[in-house]
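Here is how the chains run, residue by residue.
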Amino acid sequence: GEEKETATEADRISLATVCMVAGTADAAEMLHMMSTSTQHAGRGSDIATSKLLDIMTEAKTDSFATNRYLLQNVNRHKTQTVGKHRIFPHRCHMELDYYFSLALLLVLRDYDYDVNDTSVTLFPHFAPKMFNKQGNVESNVSSAFNAWLDFYWQMMLDYINGGLC
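Since we're looking at a predicted model, the values are computed, not measured.

K.L.:
A description of the overall build of the protein should follow, citing residues and the corresponding values.
P.N.:
For the protein, the helix and strand inventory stands at five helices and three strands. Each helix (α) and strand (β) of the protein, taken in turn from the N terminus, gives the series α-α-α-β-β-β-α-α. In terms of overall dimensions, the protein is globule-like: its C-alpha atoms have a radius of gyration of 17 Å, near the 15 Å expected for 165 residues. When its C-alpha atoms are laid out on the principal axes, the protein stretches across 50 × 45 × 30 Å. A total of 165 residues make up the protein; the buried ones form 35% of that total. Taking all contacts inside the protein whose residues are at least 6 apart in sequence as the whole, residues at least 24 apart take part in 57%. Total accessible area computed for the protein in this model is approximately 10000 Å², and 52% of it derives from carbon and sulfur atoms. Separation between the mean location of the 14 positive side-chain charges and that of the 20 negative ones in the protein comes to 8 Å.

Structure representation (structure tokens):
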């Protein structure tokens, strides 16, 4: 396939803005996939099967206060290990913030779930791309992500060329 250039921060903000303006559950899923991938060092295949139950809070106390932040368990399917990733708010751009993209996804996807339901995935379009029919790891997450990326990239260009931003 065609190799893509690394997106600049301005590109990522523009793509995030297009996903927000689109206002659909799929666009919110794409936005959260982008922000989660960035938070977890670009491991789209590892986060594709993330579930709501993988996210929890943790407290950190320093000499001034106790602050809570999110913690996400990430399953490395290739090594069968689980890592705990601490997630802090983005300090400069709401468009790149994991907390914002998660909230938008939960609202637009209209999750109404039982807290004991372990099947609820954050990325219903990407999770099935992780395994083959026999249940073995055969990730097609990257190709699915790139197809959506191309779609939202074109939407962003149309948005820009239409003078809408």
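What follows continues from the structure just given.
K.L.:
Just give me the short version of the environment of Phe-123, but keep the residues and values in it.
P.N.:
Here Phe-123 is to be found in the loop between α4 (98-108) and α5 (141-161). Relative accessible area serves as the criterion here: at 0%, Phe-123 is assigned to the buried category. As a C-alpha pair, Phe-123 and Asp-110 span 13 residues in sequence and 13 Å in three-dimensional space. Contacts of Phe-123, omitting those with residues within four sequence positions, involve Glu-29, His-32, Met-33, Thr-36, Ile-47, Ala-48, Ser-50 and Pro-128.

K.L.:
I'd like a description of the packing of aromatic side chains, backed by residues and values.
P.N.:
Taken as a whole, this structure holds six aromatic pairs when the rule is applied. Both rings, one in Tyr-69 and one in Phe-88, keep their centres 4.8 Å apart while their planes meet at 40°; by these two values the pair is tilted. Remark: Phe-88 occurs in the loop between β3 (81-87) and α4 and Tyr-69 occurs in strand β2 (residues 66-76); sequence separation between them is 19 residues. Among the residues examined, Tyr-69 registers a relative accessible area of 6% and is labelled buried. Exposure remark for Phe-88: the relative accessible area of 46% places this residue in the partly exposed category. Centre to centre, the rings of Phe-126 and Phe-145 are 6.3 Å apart; their planes meet at 50°, and the pair counts as tilted.

What counts, and where the lines are drawn
- For every chain, the first residue of the written sequence is number 1, and numbering continues from 1 along that sequence.
- At least 70 in pLDDT is required for a residue's local features to be given in this predicted model, at least 80 for side-chain atom pairs to be given and counted, and no such filter applies to totals for whole chains, interfaces and linings, which use all residues.
- Side-chain numbers come from the whole structure's heavy atoms, not from hydrogens or water.
- Numbering of helices and strands runs from the N terminus; a helix is a DSSP stretch of H or I covering at least four residues, while a strand is a stretch of E covering at least two.
- Atoms considered for the radius of gyration are the C-alpha atoms alone. The globule rule reads 2.2 Å times the number of residues to the power 0.38.
- The buried label applies to any residue whose accessible area, calculated with a 1.4 Å probe on protein chains only, is under 20% of its type's maximum; exposed applies above 50%, and partly exposed to all values in between.
- Whether two residues touch is decided by their heavy atoms; if any such pair falls within 4.5 Å, the residues are in contact.
- All accessible areas in this document rest on Shrake-Rupley with a 1.4 Å probe, and a residue is counted as covered only by the protein chains that are shown.
- Charge assignment in this entry is limited to Lys and Arg as positive and Asp and Glu as negative, and neither His nor the chain termini are counted.
- Lysine's charge is taken at NZ, arginine's at CZ, aspartate's at CG and glutamate's at CD.
- Classification of ring pairs uses Phe, Tyr and Trp, with its six-membered ring standing for Trp, and accepts pairs whose centres are within 6.5 Å; under 30 degrees between planes counts as stacked, over 60 as edge-to-face, and the remaining range as tilted.

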